Structure formats: C-alpha cells, structure tokens
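Analysis of the macromolecular model
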Amino acid sequence: MTSARTLPPALNPDTLRVYPLGGLGEVGRNMTVYELNGKLLVVDCGVLFPEVEQPGVDLILPDMTLLDERLDDIIGLVLTHGHEDHIGGVPYLLKRREDIPLYGSQLTLALVAAKCKEHRITPQLHVYAEGETAQVGEFELEFVAVNHSIPDALAVAIKTVAGTVLATGDFKMDQLPLDGRITDLRAFARLGEAGVDLFMTDSTNADVPGFTPLEKEIGPVLESVIAATKGKVIVASFSSHVHRVQQVLEAAAHNGRQVVLLGRSMLRNMKIAAELGYLDVPEGILISQKEAEQVPDEYLVYMSTGSQGEPMAVLSRMAKRSHQVELGADDTVILASSLIPGNENAVFRVIDALMRLGCKVVHKGNARVHVSGHAAAGELLYCYNIVRPKNVMPIHGEYRHLAANAALAIETGVDPERTLICENGTVVDLADGVAEIVGQYEVESLYVDGASVGKITDDDLRERLVLGREGFISVITVYAKDTGRIINGPEIHARGVAEDDHVFDAVKPKIAAALQSALLEGERDQHALQQIVRRTIGRWVGTKLRRRAMIVPIVVEL
C-alpha cells in the first residue's frame, strides 16, 4: 500500500487516471472518475443516507464540485445497476450538465429515467446488455453480466491505450439465481487472459468467510412465516429489490393472500420492473391500499419501504402509529434486508417500537429472510484466481472491507505493492501495467438539505445536534445609549431546555448585574456585551440544569 497526501501532478499523455469521489471507506454514494487525454468517464453516481449525527440532511452525494470546472470534459456516465447507492445522485449531476450521455442496462436506465423525471430532467440514455461493447471517446467499454440483488446488473471492462480496468460493480456468484442470470466468469477469465491491468472489486463482504447463501433459500422461509401469521404480514425491503418482491408475491400467492405495495419509490420501481418483464406478477395478486381496506387481515401482505429505519419511510410511520395501516398483536413484520453500517440504532428503535405494539418481528438475525447481494471471501478468491490481475484496487466498502479484500488479493499472488487500499479522492495513475497512488484530492460530503445542495460544515451539524439534544435559549436585553442603564430585560425564551421559562427567573438578576456593570464601565462593543450574557447564563444553565443549550444573546442599544 502506498500513500500520498499531495495534489497529483499533471497527467501524462496516454496515462489513465482513476479517482473515486465516493464509496470508499463507506457503504454508499459510489462514484469513480476515469481520466484519459483530457476526457472524463464516470462510473456510477449514488447517494448515501444520513446517520443520526446528521440531522436535517436528506441525502449525501459524492463531491461533484470537483468536476464543476470540467463538466464539458465528461463524455459519459456508466451505471452498473439500479440501486440508490449507485444511481441516486444522477439527477444532481445532470442538473450541473443535463446532456451527459448515460450508459447501462435496460432496467437500470429505466429506473434512472423515472428518477430524473421527478427532477424534470430528460436524460440521454444508451441501453446496453451483457456481451455488448461501446466506444465512448478513447474508452472502449465491454459490459459483463453479474449477479446481484437486483436484475440486469453489469460489470464493465474499460479498455484504453493505458491498459484495461475491470470494475465489478456490486456482484456475487449465486449459482442458482432466481432469474437464471449468473455472473459471467467465462468473460472474467477471457478478460484475464487478455490482461487486466487494474481489477476494482466489490469489498462489502470481503471479511465474511465462505460463500454468500443462495437467494432461492429465502422463498420457503417467507412462505412458512406468512403461513404461521394470524393477522397481516408486512415485509420491509429496499424499493429496488425486485428479486425479494418477486419472492414475496409468490409466497403470498401460495398462502392465498393478496399484496399491497406501499411507498412511492416501491410502487414506481415495481411498476417499471413489471412492465419490462423483470417482475412476474400473478394475476389478481396486487391490490391497492384502498382495496385492502375491504380485505380481512389474514389475507393481506404489505410490501413496504423502511427496512433501514428511515424516519419518514412507511415502516417507521407504522411503528409510530402515524400510518393508515395499523399494527397489532396478530401481525408479523419481516425485515428482508441487511443492515447498512450506521443504520443499526435506527433499525433497532423501529424493531422495539413494533414489538411494543405486539408485533412479531422477523429479521436476518433470527431467520433466513435475507441474503446479501455481495460476494463473500470465497467468491472473491475465485475471481482473483480467474482474472489474475496485475494491480488491485478494492472498492465499495468501509476500510475494514477494503483491507480484507486487499488481503485476499495478496493471498492469491498479487504483489502487495500492486494492491492499493485507497480512500475517496485518492488519485491512481495506470501506465505500462503499473498502477500507483500519485496524490490526493480533498473530498468532502455534498449534502441534500431540503431544496438546497451544498457542503454543510461540521460546525453546522454540531449546531443542529446541540439544538436537538440540548435546546435553544435566547436572551434579549435593551439598554439606554446615553445613560448605559438597562431599560428592558433580560427577557429569556427557551425551547427544549425546561418545561417553564420561569425556571430562568433566578438567573435574570445575575445577567442584569454582569451586563450593567460592563455598561457603566463604558463597554459598548456589541460582541463583548453579548459574550458577557452568554457566559453568565451558560454557566448557570450548565450548573443548575446540566444542559449545554445553544445560547443566542441579543443586546439592543436605544
């Protein structure tokens, strides 16, 4: 492993430069830039969902601002599959330049087009299937079928004058996939024989021994759980998990139940999947939420979003009794997804709330109701032995995943010096079969916060946390300019600090005395007077109330 913290040098002709803007050191917002002779090819543009420590944030994007001065150099955006952590940021990139050509599979681009429509963007779509090639400037792309937890996923081989890169995207090696579409190891082997100079591999399960279980093993478990439930069943999953929805439809049909899709993204994505033939919907199985009101609970299955504990998603609202679908003691909730790192506390809070309502909660920890869509260590070893890459750059995962993936590569014979553990912004140059780290860009988080998109600072987030946890206090005092005497206040208003503002009656004389003393000594600097107020009430609140509230002092001169 090599490291460098300096900005990279000028790029030499016919040298391929690779730098990730998201997806390394984290699970989400995947985006990688490939630069060759002045042109940029981008692979994936996803989002990351916020953690509890990021209040008010809706989505986290890759740091696209690094591309703002080079938008005209982007000749294409390749999308490996239709999950949010790979396509969710596309509309925000296209808002910067709408005519960037998009390349991907039929289902992936259909999901992107629907997402862009909500942003009033009409993207330029170029649909490709596995085995097909595309020439995009000086980049020759070959698309390879890979198996994942969504249909139509693709790896991409990027062939250039500087060498060949094979980027897997998200993949696993399920040998009995639900749709019959396996990871094309023959294509991996063929590319390996021709020479793969840089292998960029999914790391999410690199620290998990063995092989990822088969998707088909989930179906019978879902059927048995549904059969044992007296009331209604709620299955929560990602809104793009077509395979899991297919299994739920079949399990419901076998138990004589009808299915209601809940959540705007779930309805939109499954409509697209069904229209394109990726989802087989049994006749009469799907009904609307309105129609379900006339059906007894024991004949219903609800398929919803919210498996990651998102506060505004359907499942969280059910748990808080703020959704039309009410849950009770005879009902079962199935969480049919893995926990994304960082979401554990949010998910456990939802599980607790559901169990307080009397529901039975079934999840990956107590039943096989989900298997991962990512290759485990045994599968990755197979790939390394088949591809025999010259250089390896693990992608998609937190640092422990990247390190575990790198260790697997080294075990199969890859030179440790040619195994690069990188982070977002790390710049790797490939030339003459050698990949090396040559610099580091400063990469920050780009936040979607309501209608705005920008770089919220750590100070901003800390202030929001203080407001949420410790409360807010404003102190207003008015003094006479000519005499320096306080003529009104201090008047204190608080939110989230104490039940009654009368609690602060004891500190008002202390604030007035400290401020009056400074004024009579001739102090008139606005900031200095505000600091006196802030320190006085801050010490009192910390000592008496054990709080560290946000304090906004206002001192007015009349």
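Sequence order as written defines the numbering, with residues in each chain counted from 1. Selection of residues for local features in this predicted model requires a pLDDT of at least 70, selection of side-chain atom pairs for listing and counting requires 80 or more, and totals for whole chains, interfaces and linings are taken over all residues. As a rule here, side-chain values come from all non-hydrogen atoms in the structure, and water together with hydrogens is ignored.

1. Quick notes on the pairing of strand β5 (residues 74–78)
Here the term buried applies to any residue with accessible area under 20% of the maximum for its type, exposed to any over 50%, and partly exposed to those in between, with areas from a 1.4 Å probe on protein chains only. Each helix is a run of H or I in the DSSP string that is no shorter than four residues. Each strand is a run of E no shorter than two, and both are numbered from the N terminus. Of all 5 residues in β5, 5 are buried; the element is thus mostly enclosed. Pairs of strands are assigned from DSSP output, requiring at least two bridges between the strands. Alignment of strand β3 (residues 39–43) against β5, held across 4 bridges, turns out to be parallel. Counterpart to Val43 in the pairing with β5 is Val78. Bridge analysis of β5 against strand β6 (residues 101–104) gives 2 bridges, and the strand direction is parallel. Paired with Leu77 across the two strands is Leu102, which belongs to β6.

2. What about the sheet that holds strand β7 (residues 124–127)?
Here we have 8 strands laid out as an open sheet, ordered β7-β6-β5-β3-β2-β1-β18-β19, and mixed in their pairing. What marks the edges here is a single partner per strand, and that holds for β7 and β19 (434–440). Each strand of the sheet is rotated relative to its neighbour by a mean of 25 degrees, with strand direction disregarded. With 5 bridges connecting them, strand β2 (residues 31–36) and β3 associate as antiparallel partners. Opposite Tyr34, over in β3, you have Leu41 as the bridge partner. To obtain each axis, a line is fitted to C-alpha atoms, and for helices this fit is confined to the stretch in contact; angles are then taken between N-to-C directions over 0 to 180 degrees.

3. Comments concerning the packing of aromatic side chains
Aromatic pairing here means that ring centres of Phe, Tyr or Trp (its six-membered ring) are within 6.5 Å. Orientation follows from the plane angle: under 30 degrees is stacked, over 60 is edge-to-face, and everything else is tilted. Applying the stated criterion across every chain, the model contains 8 aromatic pairs. Seen in terms of ring centroids, Tyr103 and Tyr128 are 6.1 Å apart; in terms of plane orientation they differ by 35 degrees. Their pairing is tilted. Placement of the pair is Tyr103 in strand β6 and Tyr128 in the loop between β7 and β8 (133–136), with a sequence separation of 25 residues. Classification of Tyr103 by relative accessible area gives buried; the value is 8%.

4. Topic: the environment of Ser288
Mapped onto the elements of the fold, Ser288 is located in the loop between α7 (264–275) and α8 (289–292). In this structure, the C-alpha to C-alpha distance between Ser288 and Gln258, residues 30 residues apart in sequence, is 9.8 Å.

5. A short note on the UniProt feature "binding site: substrate" (unreviewed entry) in the protein
In the UniProt entry, the feature "binding site: substrate" (unreviewed entry) is given for Ser239, Ser240, His241, His370, Val371, Ser372, Gly373 and His374. Considering the arrangement of structural elements, one finds Ser240 in the loop between β13 (233–236) and α6 (242–254). Under the relative-accessibility criterion, Ser240 is labelled buried at 6%. Note on contacts: a residue pair qualifies if any of its non-hydrogen atoms lie within 4.5 Å across the two residues. Setting aside residues no more than four positions away along its own chain, Ser240 makes contact with Gly82, His83, Ile150, Asn269 and Met270. Mapping His374 onto the fold places it in the loop between β17 (360–362) and α11 (377–387). Apart from residues lying up to four places away in sequence, His374 is in contact with His148, Asp170, Phe171, Lys172, Asp202, Thr204, Asn205, Thr212 and His396. UniProt positions are given in the numbering used here, feature names are shortened, and annotations may be inferred rather than shown by experiment.

6. Re the packing of helix α5 (residues 218–227) against α6
Direction vectors running N to C along α5 and α6 enclose 45 degrees, while the axes themselves pass 9 Å from each other. With respect to α6, the element α5 is oriented oblique. Relative to α6, the crossing made by α5 is right-handed. In this structure, α5 contributes Ile218, Gly219, Leu222, Glu223 and Ile226 to the contact, and α6 contributes Arg244, Gln247, Val248, Ala251, Ala252 and His254. Each residue gets one of three labels, nonpolar for Ala, Val, Leu, Ile, Met, Phe, Trp, Tyr, Cys and Pro, charged for Asp, Glu, Lys and Arg, and polar for the others, Gly among them. Classifying every residue of the contact of α5 with α6 gives 6 nonpolar, 3 polar and 2 charged. Orientation categories follow fixed angle ranges, with anything under 35 degrees roughly parallel, anything over 145 roughly antiparallel, 65 to 115 roughly perpendicular, and all other angles oblique. What makes a crossing left-handed is the near helix being turned counterclockwise from the far one by less than a right angle; a clockwise turn instead makes it right-handed.

7. Side note on the domain arrangement of the protein
These domain limits were set by an automatic method or by a database of domain assignments. The assigned domain composition of the protein is domain 1 (16–210 + 372–441), domain 2 (215–362) and domain 3 (458–557). For domain 2 and domain 3, the distance between their C-alpha centroids amounts to 50 Å.

8. As for the sheet that holds strand β9 (residues 139–145)
Pairing is mixed in the open sheet, where 5 strands are placed in the order β8-β9-β10-β11-β12. Single-partner strands in this sheet number two, and they are β8 and β12 (198–200). Geometrically, the sheet is characterised by an average inter-axis angle of 20 degrees between neighbouring strands, direction not taken into account. Looking at chain direction, strand β11 (residues 163–167) and β12 are connected through 3 bridges and run parallel. When the sheet's bridge partners are listed, Leu166 is paired in β12 with Phe199. Lying over the sheet, helix α4 (residues 185–194) contacts β9, β10 (154–160) and β11, oriented at roughly 145 degrees with respect to β9.

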